[in-house]
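Summary of structural features
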Amino acid sequence: MNILFIAPPYPFEEIPAIPLGLCYAAAACEMAGATVTVLDLIVTEYTSAKLKQTIDDCSPVMIGATSVTLNVNRATSLLKEAKQYCPSAVTVIGGPHVTFDYTSILNTFPEIDIVVLGEGEVTLQSLLPVLQDRNSWECIEGIAFRKEGNIIVTPKRPFIENLDSFPLPARHLLPISKYLALGVPANIITSRGCPNNCIFCVGRRMVGYKVRYRSIANVLDEVEQLLAYGFPLINIADDLFTSNRKRVISFCNAIHAKGLKFIWSAFTRVNTIDESLLEIMKAAGCIAVSFGVESGNPEILESLQKNITLNQAREAAAICKKVQMSVIASFIIGLPGESPETLQETKAFAESLGVRFGYHILAPFPGTTVRENIESYDLQILSNDWDKYDANHAIVQTSKIRPDELEAFTKTVDDVIQEIIKEYKEHYQNGLATLEERSFIEYQDRMKLIFQILSNDLIEHILPIQIHDQKPEEILISYLVEKTGMTPQATQRIVHIICESGLLGYTIQDGFLQWFWTSNDHLLNRSKKTLAA
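The following refers to the structure shown. In this text, all values refer to a predicted model and were calculated from it rather than measured experimentally. (Residues numbered from 1 in each chain as written. Predicted model: local features only at pLDDT ≥ 70, side-chain atom pairs only at ≥ 80, totals over all residues. Heavy atoms only, no water.)

**Some details on the pattern of salt bridges**
Under the definition given, this model contains 24 salt bridges. Between Glu405 and Arg402 there is a salt bridge; the shortest N-O distance is 3.8 Å. The exposure class of Glu405 is partly exposed, given its relative accessible area of 25%. Judged by relative accessible area, Arg402 falls into the partly exposed class, the value being 45%. Each of the salt bridges in this network shares a partner with another, and the network as a whole consists of Glu119, Glu121, Arg192 and Arg212. (Salt bridge = Lys/Arg side-chain N within 4 Å of Asp/Glu carboxyl O. Buried < 20%, exposed > 50% of the residue type's maximum accessible area, 1.4 Å probe, protein only.)

**A closer look at the layout of surface pockets**
Take a probe with the size of a water molecule and roll it over the atoms, and the empty space left behind shows itself. Taken as a whole, the second largest pocket spans an internal volume of roughly 260 Å³. Lining the second largest pocket are 18 residues, and of these Thr99, Leu117, Gly118, Lys156 and Arg157 sit closest to its centre. Taken together, the elements giving at least two residues each to the lining of the second largest pocket come down to α4 (96–100), α6 (121–127) and α8 (203–207). Of the residues belonging to the lining of the second largest pocket, the class tally is eight nonpolar, five polar and five charged. (1 Å grid on protein atoms, 1.4 Å probe; cavity = no way out; pocket = protein on both sides within 12 Å on 5 of 7 lines; lining within 4 Å. Points joined across faces, edges and corners; volume = space filled by probe spheres on them. Helix = DSSP H or I, 4+ residues; strand = E, 2+ residues; numbered from the N terminus. Nonpolar A, V, L, I, M, F, W, Y, C, P; charged D, E, K, R; others polar.)

**Some points on unusual backbone geometry**
Even without glycine at this site, Asn307 takes up a positive phi of about 65°. Its location among the elements puts Asn307 in the loop between α12 (298–303) and α13 (310–322). For Asn307, a relative accessible area of 59% gives the class exposed. A positive phi angle, close to 55°, is found at Asp510, a residue other than glycine. Secondary-structure assignment places Asp510 in the loop between β19 (504–509) and β20 (512–517).

**A word on helix α18 (residues 472–484)**
Over its 13 residues, α18 extends 18 Å from the first C-alpha to the last, a length consistent with the 18 Å expected when each residue adds 1.5 Å. By the burial criterion, the buried members of α18 are Pro472, Ile475, Leu476, Ile477, Tyr479, Leu480 and Thr484. On its buried face, α18 is in contact with α17 (435–455), β18 (465–466), α19 (488–500), β19 and β20. Within two residues after α18, Gly485 carries a phi angle of roughly 80°, on the positive side. (Expected span 1.5 Å × (residues − 1). Contact = heavy atoms within 4.5 Å.)

**Describing the environment of Val122**
Topologically, Val122 is positioned in helix α6. Those residues in contact with Val122 that lie beyond four places of it in its chain are Arg157, Ile160 and Phe166.

**Here's the deal with the pairing of strand β1 (residues 2–7)**
β1 sits mainly inside the fold: five of its six residues count as buried. In this sheet, strand β2 (residues 35–40) lies alongside β1 in parallel orientation, the contact comprising six bridges. In the strand pairing of β2, Phe5 is matched with Val38. Viewed along the sheet, the connection from β1 through helix α1 (residues 20–31) into β2 turns out right-handed. Looking at chain direction, β1 and strand β3 (residues 62–66) are connected through four bridges and run parallel. (Pairing = 2+ DSSP bridges. Right-handed = clockwise from strand over helix to strand, strands pointing away.)

**With respect to the packing of helix α16 (residues 403–429) against α17**
The geometry of α16 relative to α17 is characterised by a closest axis approach of 9 Å and an angle of 100° between their N-to-C directions. Of the possible angle classes, the one that applies to α16 and α17 is roughly perpendicular. Here Ile421, Tyr424, Lys425, His427 and Tyr428 of α16 lie close against α17, whose contacting residues are Glu436, Glu437, Arg438, Phe440, Ile441 and Glu442. (Axes fitted to C-alpha atoms, helices over the stretch in contact; angles between N-to-C directions. Parallel < 35°, antiparallel > 145°, perpendicular 65-115°, else oblique.)

**Examining the packing of helix α2 (residues 48–58) against helix α3 (residues 72–85)**
Interhelical geometry of α2 versus α3 gives an angle of 55° and a closest axis separation of 10 Å. On the basis of the axis angle, α2 is oblique to α3. Helix-helix and strand crossings are classified by hand; for α2 and α3 the assignment is right-handed. Within the contact between the two elements, α2 uses Ser48, Leu51, Lys52 and Ile55 and α3 uses Leu78, Glu81, Ala82 and Tyr85. For the contact of α2 with α3, the residue count by class is five nonpolar, one polar and two charged. (Left-handed = near helix turned anticlockwise from the far one by under 90°.)

Laid out in structure tokens, this is it:
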């Protein structure tokens, strides 16, 4: 049984990451005996011809996609197009957005056959044997589909109790060298479930209130796999990684016991960290944590049902500074009850913490309490254009603040940031940049260049070039400067780094040079040789 999964494009500004949910779904299907192909459009150029060719090559019986709200429009349009190329394939979509918006999805897109609700691994494994028998779909828990003009929703599937019962995410189906070239961290989850009930978050409803843990041995198996590929940073994306103090300590002790040396980061909560815990995490390789404070106004913070206080946020920030742990605090503006005065309270509080911080504008995603109970809050949702649900557009207003005021606030912040970046660039160009400034500018240049290369398939589009006395890297640099408009100096620096890292390779045959992205097998073999040496 051949299955095609499509990873829809994700905005570059939001920093693309490996599609973890899709990799879990693909691994479950492989475990069930299916042959899985992934068309990763996050780090490759999209064309209709490429989509059609991929479908022709693998002849899938099922074509699936996962998405979040921000790229659900791309996901649904891709499945719609895929159905035209392969009408016999069953089209399936999953993810947090469609789990709570399945009625609209099925009514709007007749080309989409099934919506997978919530956790999808067991559901997909149960679905595959009866995929071609539509009369049996009603026996599969956790899906929604159309039947005789009606939308059928089957009983909710219980959450997976044993998270170790599934294989590691099928990252081997993705072009790993491209993600490594971007320099983004690899996300992992060590648990599922969230006992908190924040009104702006869909996590509790998506993965349940009971926290279910993977075994530490299983997590470290995944860490070792990621290190073998060459990922420089691993981010633990659990909703509540530090909520179980004993487990965090056991995790850190296990890292030492296995002799693993790697750097990692984690999402935390201000009421679940203390000095000794952060010291233990730091000794095990943790270099950064982040936590959501959300608002500097106590009344708004209490209404969010986040169950934290401003004093706890102050203490958490102070502890992070004391142990020299990098930290970023995030805030949401446009929350119910927001006013120009509460915005200024939040601004003052954020600045008082003395740590890095950032603002996001509230995006009331499907499935969140604030959206589903909108009549209970001082809030109005102004748009259902999912492309604007990036936390950068003002799509809400309250009785006391307008969307243009929210956007003006963020613009002021952005203007300050741009002035800082401008100063960094001037220092860099004049040779006066600090290590932090230089690292920032070079990382920004790298992201900009690599994303242009990936989104336009520039390496794949290079024709074999007759080579004379030039060095292969010099030819590649000239080509990329012409195609991207980046400076020769920045291009040379970045190309040298990714070539030295073994992410790009080339062949010379009959005097003709051909560049290519390094395969996953080559990355793993390189790692084995390094360990053997």
